[in-house]
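# Inside the fold
What follows is the residue order along each chain.
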Amino acid sequence: MKTTYFIIAAACVLGSCQSKPEQKNTEEVGESTPVETFVELPPLESGEAFLKNKDPFGEIVGLTGEPLETDSVIFRLSGPEMIVKEGRFVMKNRGTAPFMQFGLPDMAFLGEYGKMGSGPDEYVYPTLVPTTDPDLLCYVFEQSNQKLYRFLPTGELEYYPFPFSDKTANHLSDKELVNLAPDDFIYVESSATGKSIFRSTRSTDSVATREVYSLGLNPKRKSPFSYIGDFVVNARRDRMAYAYKYFKIIKFMDLEGKSVRTVNFEREEFSESTLYKVNGLDQNVTHYWGACAGEDYVYFLYSGRTPMEVNREWGKKQFYIFVEQYDWNGTPIRTYKLDQWGYFTVDEKNKCLYLASPNYDDPFFVYHL
């Protein structure tokens, strides 16, 4: 699903933005109790925004990461995923224990949980599933058998029976899941058109699944590998977005897929011939390959290079990656250039962006925006 190179960048203080379509307001209750009022988004304008040869972000903002030491734990980064929630930094990593917790802002090690393996309640290909449930850090989805687990703040992992598909329960799944509400999941998965967004909801003892929106870009191109990408959701704002790895295209839409805005930079197209070559996908330019949903904004990790080009730069100690920031209606806000390379997550509440780099023994960096 994602490349094996990882960097977790932490960025703080997002500063003022070029475009501010919405703001949170506060009202004073009594003498000193501020109450946050929620400002709705304007309606999503459907259509395609072609941005070829345009500069919608303005000047690129360069950022220098601050290293965060984790002397109390030693591990090797491998296929990480990260979520920040309520002062906790949760990471999935391919190690002896696949899940780790750190306390923010100092990245204090809190513990590691779970076990890699093929035994009962062990993990082979786990992924983190974001949720707004205040009692959970997240869900965990095991792709090898489609089992779902609740990840509690204590570190306990509870099996949660939810039959996404009885027909494929014993096959490797490529679902990218987000939990919307109890027994309500929305996700991207391979489909007859390549990739589609589906929604599965349980009522009483049955699960209803429907296709919400097809992510195929060309009716003649139906391979799911063509449309690999990153899926993010903001249920409170009735928005979701999908950024394609091999096309510089992002789709913003409501949760029903009725209003869709496509941000299209018209860059290099994916070569279908590479599907039939060993490591052929790496011959294509990697555009988007990481995403993080904030309350007000959404962030996409952007490379714009092939993996071979990145490796050559690494040999010269040239480490960098870009993060594009948009509002939830697809309005470009800002581009950041980070001075390290890898995967990221954003703590928007505290205005911090975190990055984990495989190039250092202490992999974590925080960026103050």
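The following refers to the structure shown.

## A short note on the overall build of the chain
Broken down by element type, the chain carries one helix and 29 strands. By residue count, 53% of the 369 residues in the chain fall in the buried class. Contacts in the chain between residues at least 24 apart in sequence constitute 53% of all its contacts with a sequence separation of at least 6.

## As for the packing of aromatic side chains
Taken as a whole, this structure holds 37 aromatic pairs when the rule is applied. Geometrically, the ring pair formed by Phe 89 and Phe 102 is edge-to-face, given 6.2 Å between the ring centres and 70 degrees between the ring planes. Of the two residues, Phe 89 is situated in strand β8 (residues 88-92) and Phe 102 in strand β9 (residues 99-103); the sequence distance between them amounts to 13 residues. In this structure, Phe 89 and Phe 102 share a single accessibility class: buried. Ring-pair connections join several aromatic residues into one group, and the members of that group are Tyr 139, Phe 141, Tyr 160, Phe 162, Phe 164, Phe 185, Tyr 187 and Phe 198. Positioned above the aromatic ring of Tyr 159, the side-chain terminus of Lys 147 is 5.6 Å from the ring centre. Lying over the aromatic face of Tyr 302, Lys 248 brings its terminal NZ or CZ to 4.3 Å of the ring centre.

## Thoughts on the nonpolar core
Formed by 40 residues in total, the largest nonpolar core has its most connected members in Phe 89, Met 91, Phe 102, Leu 338, Tyr 354 and Phe 364. Looking at this core element by element, the count peaks at five residues for strand β28 (residues 352-356). Listed in part, the 21 residues of the second largest apolar core include Ile 186, Tyr 213, Leu 215 and Tyr 227.

## With respect to the pattern of salt bridges
A full pass over the atoms with the stated rule returns 14 salt bridges. Close ionic contact of Arg 150 with Glu 158 constitutes a salt bridge, the shortest N to O distance being 3.2 Å. Of the residues examined, Glu 158 reaches a relative accessible area of 29% and is grouped as partly exposed. Linked by salt bridges that have partners in common, Asp 184, Arg 199, Arg 210 and Glu 256 make up one network.

## Considerations on the pairing of strand β27 (residues 343-347)
Here β27 lies mainly inside the structure; five of its five residues are buried. Taking every second residue as pointing to the same face, both faces of β27 are buried, with Tyr 343, Thr 345 and Asp 347 on one and Phe 344 and Val 346 on the other. Connecting β27 to the next strand, β28, in antiparallel fashion are four residues, including Lys 351 with a positive phi near 55 degrees.

## So, unusual backbone geometry
Cis geometry is found at the peptide bond from Leu 104 to Pro 105, where omega equals 10 degrees. Within the element layout of this structure, Pro 105 appears in the loop between β9 and β10 (108-113). The phi angle at Glu 86 is positive, at roughly 50 degrees, despite the residue not being glycine. Mapping Glu 86 onto the fold places it in the loop between β7 (81-85) and β8. Unlike most non-glycine residues, Lys 317 shows phi in positive territory, near 60 degrees.

Conventions used here
Residues numbered from 1 in each chain as written. Predicted model: local features only at pLDDT ≥ 70, side-chain atom pairs only at ≥ 80, totals over all residues. Heavy atoms only, no water. Helix = DSSP H or I, 4+ residues; strand = E, 2+ residues; numbered from the N terminus. Buried < 20%, exposed > 50% of the residue type's maximum accessible area, 1.4 Å probe, protein only. Contact = heavy atoms within 4.5 Å. Phe/Tyr/Trp six-rings, centres within 6.5 Å; stacked < 30°, edge-to-face > 60°. Lys NZ or Arg CZ within 6 Å of the ring centre and 35° of its normal. Core = buried A, V, L, I, M, F, W, Y, C linked by side-chain atoms within 4.5 Å. Salt bridge = Lys/Arg side-chain N within 4 Å of Asp/Glu carboxyl O. Pairing = 2+ DSSP bridges.

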